[in-house]
Every structure is written in structure tokens, then in C-alpha cells.
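Breakdown of the fold
The primary structure of each chain is shown beneath.
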Amino acid sequence: MTIQEKFDLTGRVAVVTGGAGLLGREFCRTLAEAGAAVAVVDLDADAANQVASDLTRDGFRAQGIAADITDPASVDALTASVLSTFGRVDILVNSAALDPKFDPDAAARGIAPGAFEDYPLEQWNAALNVNLTGMFLVTQACVKQMVAQGRKGSVINICSTYGLNGPDQRIYIKDGKRVAFKPVYYTVTKAGALGFTKYLAAYYAGTEIRVNALTPGGVFNNHEEYFVANYSAKTILGRMARKDEMNGALLFLASDASSYMTGNNVVVDGGWTAW
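What this report covers is the structure whose coordinates are included nearby. (Residues numbered from 1 in each chain as written. Predicted model: local features only at pLDDT ≥ 70, side-chain atom pairs only at ≥ 80, totals over all residues. Heavy atoms only, no water.)

1. Some remarks on the packing of aromatic side chains
We count it as follows: Centre distance within 6.5 Å is the pairing criterion for rings of Phe, Tyr and Trp, where only the six-membered ring of Trp is used; planes under 30 degrees apart are then read as stacked, over 60 as edge-to-face, and the remainder as tilted. A run of H or I in DSSP becomes a helix once it reaches four residues, and a run of E becomes a strand once it reaches two; helices and strands are each numbered from the N terminus. Exposure is judged per residue with a 1.4 Å probe applied to protein chains only, and the accessible area is read against the type maximum: over 50% gives exposed, under 20% gives buried, and values in between give partly exposed. Two limits define a charge over a ring: the Lys NZ or Arg CZ must be within 6 Å of the ring centre, and within 35 degrees of the ring normal.
Under the defined criterion, the tally for this structure stands at 10 aromatic pairs. Ring geometry for Tyr-162 and Trp-272: centres 6.2 Å apart, planes at 70°, overall edge-to-face. Within this pair, whereas Tyr-162 is found in the loop between strand S5 (152-158) and strand S6 (173-174), its partner Trp-272 is found in the segment after strand S9 (265-268), the two being separated by 110 residues in sequence. With respect to burial, Tyr-162 and Trp-272 carry one shared label: buried. For the pair Tyr-172 and Phe-227, a centre-to-centre distance of 5.5 Å together with 40° between the ring planes defines the contact as tilted. Remark: Phe-227 occurs in helix H8 (residues 225-232) and Tyr-172 occurs in the loop between S5 and S6; sequence separation between them is 55 residues. As far as the burial class goes, Tyr-172 and Phe-227 line up, both buried. One aromatic cluster is present, built from ring pairs that chain together Tyr-119, Tyr-162, Tyr-172, Tyr-185, Tyr-186, Tyr-226, Phe-227, Tyr-231 and Trp-272. Taking NZ or CZ as reference, Lys-182 lies 4.4 Å from the ring centre of Tyr-186, over its face. Over the face of the ring belonging to Trp-272 we find Lys-234, whose NZ or CZ atom lies 5.0 Å from the ring centre.

2. Some details on the pattern of salt bridges
Note the cut-off: Salt bridges, as used here, are contacts in which a Lys or Arg side-chain nitrogen is within 4 Å of a carboxyl oxygen on Asp or Glu.
The final tally for this structure, using the stated rule, is 11 salt bridges. Across the pair Arg-29 and Asp-58 runs a salt bridge, and its minimum N-O distance is 2.8 Å. Remark: Asp-58 occurs in the loop between helix H3 (45-57) and strand S3 (62-66) and Arg-29 occurs in helix H2 (residues 22-33); sequence separation between them is 29 residues. On the basis of relative accessible area, Asp-58 is assigned to the partly exposed category, the value being 36%. The residue Asp-168 makes a salt bridge to Lys-234 at a minimum N-O spacing of 3.1 Å. Linking Asp-168 in the loop between S5 and S6 with Lys-234 in the loop between H8 and helix H9 (247-254), this pair joins segments that are 66 residues apart in sequence.

The structure is reproduced here in C-alpha cells:
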């Protein structure tokens, strides 16, 4: 098999949750360009359909699907839709996750948003529900189909460097003043996603169902200058990532190029975790 053939996804079907997000959009296009048919799954129906429409316009096979990944019935419906349209599931990218949402009441009391001491239980529970339970439900549904198809497929869980190390809260200081904290749920759920990755990889020993993690570093998304400077100073490459810089690693994990890899984690962080 040539190197081009190893990365070729022609004939395969990929499901991408959070497919209308900053990285999700990139992942959908990457998989489509490599030959896969792509199910763009997102809570936002209009956004999912727009991503799919853009791909279809450019000559790729894509379907937008609105789904609440925390709802088992919604997850069943999304997998049924994928199978009705494309007939199979070969690749799952678990990219859906809650962004940090801070407590305005705490901020009004002079407490920096995201502070652990006052972090709201309802936001903690919501994050666990999306970032872990949602991943569990979608993976369970898609892997059933992979098993039925001959026990072969690739599952990719999108994690974070904050699942490897505790956040350096100093990067959220602006002009000497604390403006925010990275909230507790983010590290906890992303570390949990890594545990889920290893569990599933071991569970499917003896099959060709591979489960790996992709761990991005900070990706620039119109951040304030103070944050970009603080973050960049902690990376070996001296900058934040561009949104397209995870695509090569994603394709590697989705394709036969990583056929001897499971239960592992590809870290693309500009050197953040190397020192």
C-alpha cells in the first residue's frame, strides 16, 4: 500500500460530533477531502446543515444532522439517519464539548469567573453530561455498527492539554489583574476522555476497532492580545495554533496510516507540555 493509499478514506463514512465548531468544521472538511462521506452532527441544526451544504457544494458527500448527544433517543436517531443515508459508520470523531461558561453572579460579587470556590453545580453537571456522557452515548451507538460491520473502525476522542496538566491560571491575568479562571470541569472531563480512550481501546482488543485521542493545544479564536501573549510564552513554538493545524493528526488517526496504533494520544500543542 502506498503512502497515499494509507491516508485515503474513499468509501468510508465518518461521524463528527460538534461538527459545526471551530475544529469540528476543519475535521469535517479534512475527512471529506480524504474521500470520506461525512455526517456533520451538531446541536445547532442550521450550523450543521450549513457545514454539510458547503461540503456538498464543493463536490463532497455530507449530511447535516441536528442531535443532542446527551439524549439517548436523539443519539439513536442520529445513527439511524447516518445509516439510512450512507449505510455504514467507519470513523467517529468525538469533538463536541462545552466551552467554559462563567457564572455572572460570581463576577458581580467580585469573584473571578470560573473560580473553584463558587463554581455552580449546575454548570459542573452540564459539562459532565456533554463532555463525558455524550461521548459515551455516541460512541456506544456508533461502535455497535462497527462491530456489526466486521469489528473494524476508528474512534477519535478530542481531548486537551488541560486533560494532561492542570491549567496555568496565570495566563488569565490581564494588566496585573485576575480576569478569569479556567473552570474545574474542563480538566476533569478532558482527563476523563483520555481514560475513556484507554478503556475502549483495551476493551476492543483482538478486533480492528481502534480508539485513540487527539490532544490539541490552544487554538487561536479571536482571543484578546493579553491572552495570546501569555499563552504563547508557554509554548516552545511561541504562538497559538492555527485552526487547521490539527487536521494532519486527525487524518492520521482516522486512516490506515495509524493502523498499528490504539489506546494512545497524539499531542499537537506547539511544545506546551514538553517543558
